[in-house]
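# Secondary and tertiary structure notes
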Amino acid sequence: MNSKPTQEEIADYFLIDGVIRLFHDEKQSPWAQIKDEGTLKTISCSSGNFQLFCRKAIYDKWNFNPTREVLKNVVDFLKSTAVFGPFEHKLHNRIAWSDDKIVYDLVNKEWTHVEITESSWEIPVHKGDILFKRYGHNKPQVTPLNGDELDVKKILNYVNITDEDQKILFLVWVVSCFIADIPHPLAYVYGPQGSAKSTISRVAKELID
């Protein structure tokens, strides 16, 4: 059995051995990149999941379950290191720009994202410097498939819009929701009772987020 580590040894393990990568966002909030089952994930240092990750990492390394006080001291040190450290990254919610590409987070457990250009899209093997944060309302999206049969107009098969101009307006609005850092209009769905207004809203929500 391994010996009981000191708080300094635990902190050095996280920082020097590369277990986590600490940084702060544009609001000076502490964050970390962690590797979980071979996947890089972005997690808030103020979250309960971060504490659980640290506890598990300590146990895996030393076969030692730290007390609440020890764990709190270590986490507080890591948070302060993140806030006052040199590394700052802007965190994005679901969508971001990267040069001439739109980057879309699928919010799946593999932390996959899609890079979209004017003429094509791909799922890159190596992730760039775009980092995403996730909220409870973010739901996983399906992994897209290549194929000539893909057509944005097929969305209209699932909504009750009869006016041709309104169809174009709806499609343009849906596409605009995938573009980051622009003003986004609010969609106001109107019609008589029973015209499937709620269905349109649900379809749009499932497509976008």
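Being a predicted model, the structure only gives us computed values, none of them experimental.

The rules behind the values
- Residues numbered from 1 in each chain as written.
- Predicted model: local features only at pLDDT ≥ 70, side-chain atom pairs only at ≥ 80, totals over all residues.
- Heavy atoms only, no water.
- Pairing = 2+ DSSP bridges.
- Helix = DSSP H or I, 4+ residues; strand = E, 2+ residues; numbered from the N terminus.
- 1 Å grid on protein atoms, 1.4 Å probe; cavity = no way out; pocket = protein on both sides within 12 Å on 5 of 7 lines; lining within 4 Å.
- Points joined across faces, edges and corners; volume = space filled by probe spheres on them.
- Nonpolar A, V, L, I, M, F, W, Y, C, P; charged D, E, K, R; others polar.
- Salt bridge = Lys/Arg side-chain N within 4 Å of Asp/Glu carboxyl O.
- Buried < 20%, exposed > 50% of the residue type's maximum accessible area, 1.4 Å probe, protein only.
- Axes fitted to C-alpha atoms, helices over the stretch in contact; angles between N-to-C directions.
- Parallel < 35°, antiparallel > 145°, perpendicular 65-115°, else oblique.
- Left-handed = near helix turned anticlockwise from the far one by under 90°.
- Contact = heavy atoms within 4.5 Å.

### Re the sheet that holds strand S8 (residues 121–122)
Ordered in space as S5-S6-S7-S8, the 4 strands form an open sheet in which the pairing is antiparallel. The open sheet is flanked by strand S5 (95–98) and S8, the only strands paired with a single partner. Of the strand pairs in this sheet, S5 and strand S6 (residues 101–105) are connected by 4 bridges, and their pairing is antiparallel. Across the sheet, the residue bridging to Ile95 is Tyr104, located in S6.

### Structural notes on the layout of surface pockets
Volume-wise, the largest pocket comes out at about 1,200 Å³. Only S6, strand S7 (113–116), helix H4 (164–176) and helix H5 (197–208) provide two or more residues apiece to the lining of the largest pocket. No other element matches H5, which puts 3 residues into the lining of the largest pocket. Its residues assigned to classes, the lining of the largest pocket comprises 20 nonpolar, 2 polar and 3 charged. Space inside the second largest pocket adds up to approximately 570 Å³. Elements with a minimum of two residues in the lining of the second largest pocket: H4 and H5. For the lining of the second largest pocket, the per-class residue count stands at 13 nonpolar, 6 polar and 2 charged.

### Details of the pattern of salt bridges
Applying the stated rule across the entire model yields 5 salt bridges. Asp36 is paired through a salt bridge with Lys41; the nearest N and O atoms lie 2.9 Å apart. A salt bridge links Asp60 to Lys56; the shortest N-O distance between them is 2.7 Å. Taken together, the residues span about one helical turn, with Asp60 and Lys56 both in helix H2 (residues 48–62) at a distance of 4 residues. Accessibility assignment for this pair places Asp60 and Lys56 in one class, exposed.

### Remarks on the packing of helix H1 (residues 7–16) against helix H3 (residues 68–84)
It is the contact of H1 with H3, at a shortest axis distance of 10 Å, that shows an interaxial angle of 45°. Taken together, the axes of H1 and H3 lie oblique to each other. Between H1 and H3 the crossing geometry is right-handed. Every residue of H3 that contacts H1 at Gln7, Ile10, Ala11, Phe14 and Leu15 is listed here: Val70, Asn73, Val74, Phe77, Leu78 and Thr81. Among the residues making up the contact of H1 with H3, the classes are represented as 8 nonpolar, 3 polar and no charged.

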